[in-house]
Amino acid sequence: MKRTARAFWIGSPGHGEIRDVLLPDPAEDEVLVRSLWSGVSRGTETLVFRGGVPESQHAVMRAPFQEGDFPGPVKYGYLNVGVVEEGPAALLGRTVFCLYPHQTRYVVPASAVTPVPDAVPAGRAVLAGTVETAVNALWDARPLIGDRIAVVGGGMVGCSVTALLARFPGTRVQLVDADPARAKTAEALGVGFALPADALGACDLVVHASATEQGLARALELLTPEGTVLELSWYGDRKVSLPLGEAFHSRRLVIRSSQVGTVSPNRADRSYADRLALALDLLADPALDALVTGESDFEELPDLLPRLASGEIPALCHRVGYADIG
């Protein structure tokens, strides 16, 4: 008897649907996972939903277990937490994280899942992929004790970086966002907050994650001479203009990119698995619950994604539940 599952697909840009899928029997080195939670990363996933991935980046932007191709039909996603129902004895019954799309059950190699530490609730573990991005960003940035730091852009990635920076001793960390409501998130993470016009300057490091050219321009303005902007925004197919005249050269400012697809060369001794395991360990901090700002059932995804993409639902990580699905 064939096993079946249900999966969320983007049929065409701006339109999602639930499809029935057939599951293979797991091989000896594979696991069958029943989803408990998945997460929608509002930045990247809504860009994919809108069909905004440039053709030149189609290969780079593929998720590990993506099916189909951009702009669609495509099954896309990478924040899934579930329980192993079949597989090696060491994993059987374990709660695991996997870079898998939104699907009720799935079969993957056992090496593709990472056990969730006992100290981390399954619902919080959906943040692992984004916290992993933040870990890599800070490996790239190498902040120092005593640094004056701003994070411009209080989305999911920006807040994940902020949460980790809040643990650095002796630093001045401020979350900067145009939405005054992000002040509550900053408070929950234990850092200061400012609107862009009121942000503290003379920063040694500014992490930019607003995905706007205005935010990147403001990030440059906040730097001290020889300071660095670490660029985490993904602009998709949009062009970005920057004020690289005026004092950009005389102040010897630096703009550096960071992307989770490659482990930071500053930590060449660490593997992808090491980085993800570290991200999961860091999720033992309950302050990170502030990054989960909404929750829906799996069956609601076709109606949910358009509302997230339009901004009707303001969200950091929107969590998707599978509790009532067999």
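Our subject is the structure listed above.
A brief look at the structure comes next. What you see is a predicted model, and the numbers here were worked out from it, not measured in a lab.

Some details on the overall build of the protein chain
A tally of regular secondary structure across the protein chain gives eight helices and 17 strands. The C-alpha atoms of the protein chain give 20 Å as radius of gyration, which agrees with the globular expectation for 326 residues (20 Å, within 12%). Its C-alpha atoms give the protein chain principal-axis dimensions of about 70 × 40 × 35 Å. When burial is assessed residue by residue, the protein chain has 49% of its 326 residues classed as buried. Split by element, the accessible area of the protein chain, about 14,500 Å² in all, is 52% carbon and sulfur. Distance from the positive charge centre (29 side chains) to the negative charge centre (39 side chains) of the protein chain: 3 Å.

Here we look at the nonpolar core
Counting residues in hydrophobic clusters, the biggest one holds 67 residues, and the most contacted among them are Tyr-76, Phe-97, Leu-127, Val-161, Leu-280, Leu-283 and Leu-301. Counting residues per element, this core draws most heavily on helix α3 (residues 128–141), which supplies seven residues. Ala-150, Ala-194, Leu-222 and Tyr-235 belong to the second largest nonpolar core, which has 16 residues in total.

Some details on empty space enclosed by the protein
For the structure on display, the rule yields one cavity of 30 Å³ or more. Volume-wise, the largest cavity comes out at about 40 Å³. Around the largest cavity, the lining residues are Phe-8, Ile-10, Glu-45, Val-48, Tyr-76 and Leu-305. Mapped by element, the contributors of at least two residues to the lining of the largest cavity are β1 (3–12) and α1 (42–50). Along the lines of polarity and charge, the residues of the lining of the largest cavity split into five nonpolar, no polar and one charged.

Thoughts on the side chain of Arg-319
Checked against the element boundaries, Arg-319 lands in strand β17 (residues 317–321). A distance of 3.0 Å separates a polar atom in the side chain of Arg-319 from the backbone oxygen of Gly-123. At a separation of 2.9 Å, a polar atom in the side chain of Arg-319 contacts the side chain of Glu-295.

Considerations on unusual backbone geometry
In this structure, the amide linkage connecting Phe-70 to the following residue, Pro-71, adopts the cis form with an omega of 0 degrees. Structurally, the position occupied by Pro-71 is in the loop between β4 (67–68) and β5 (74–75). Along the chain, Gly-72 connects to Pro-73 via a cis peptide bond; the corresponding omega equals 0 degrees. For Pro-73, the location among the structural elements is in the loop between β4 and β5. At Ala-211, a residue that is not glycine, the phi angle is positive and equals roughly 60 degrees. Mapped onto the elements, Ala-211 comes out in the loop between β13 (203–208) and α6 (213–221). In this structure Ala-211 comes out as buried when scored by relative accessible area, which is 18%. In the Ramachandran plot, Glu-246 falls in the positive-phi region, its phi being about 45 degrees despite a non-glycine side chain. Relative to the assigned elements, Glu-246 resides in the loop between β14 (223–231) and β15 (254–257).

Side note on the environment of Val-206
Locating Val-206 in the fold gives a position in strand β13. Among the residues examined, Val-206 registers a relative accessible area of 0% and is labelled buried. Considering only alpha carbons, one finds Val-206 and Leu-216, ten residues apart in sequence, at a separation of 9.5 Å. Contact partners of Val-206, with chain neighbours within four places excluded, come to Ala-150, Val-152, Ala-219, Leu-222, Leu-223, Thr-228, Val-229 and Leu-230.

Criteria and thresholds
- Here the residue index of a chain counts from 1 through its sequence in written order.
- Confidence filtering applies because this is a predicted model: local features only for residues at pLDDT of at least 70, side-chain atom pairs given and counted only at 80 or more, and all residues used for totals across whole chains, interfaces and linings.
- Based on all heavy atoms of the structure, the side-chain values leave hydrogens and waters out of the count.
- Each helix is a run of DSSP H or I of at least 4 residues and each strand a run of E of at least 2, with the numbering of both proceeding from the N terminus.
- All radius of gyration figures rest on C-alpha atoms, and the globule criterion is 2.2 Å times the number of residues raised to 0.38.
- Summary of the burial criterion: residues with accessible area below 20% of their type's maximum are buried, those above 50% are exposed, and those between are partly exposed, where the area comes from a 1.4 Å probe applied to protein chains only.
- Only the protein chains shown count as covering a residue, and every accessible area follows the Shrake-Rupley method with a 1.4 Å probe.
- Positive residues here are Lys and Arg, negative ones are Asp and Glu, while His and the chain termini are left out of the count.
- In this description, the location of a charge corresponds to atom NZ of lysine, CZ of arginine, CG of aspartate or CD of glutamate.
- In plain words, nonpolar cores are sets of buried Ala, Val, Leu, Ile, Met, Phe, Trp, Tyr and Cys residues tied together by side-chain atoms within 4.5 Å.
- Of the two site types, the cavity is a set of points on a 1 Å grid over the protein atoms alone where a 1.4 Å probe fits but cannot get out, and the pocket is an open set with protein on both sides within 12 Å along at least five of seven lines, each lined by residues with an atom within 4 Å of a point.
- Grid points are joined across faces, edges and corners, and a volume is the space filled by probe spheres set on the points.
- Note that Gly is not counted as nonpolar here; it falls among the polar residues with everything else outside the nonpolar set of Ala, Val, Leu, Ile, Met, Phe, Trp, Tyr, Cys and Pro and the charged set of Asp, Glu, Lys and Arg.
- Pairs of N or O atoms within 3.5 Å make up the polar contacts considered here, provided that, within protein, one atom can donate a hydrogen while the other can accept it, and that residues adjacent in sequence are counted only when both atoms are side-chain atoms.
- The criterion used for residue contact is that any of the two residues' heavy atoms lie within 4.5 Å.

Just geometry here; none of it tells us what the structure is for.
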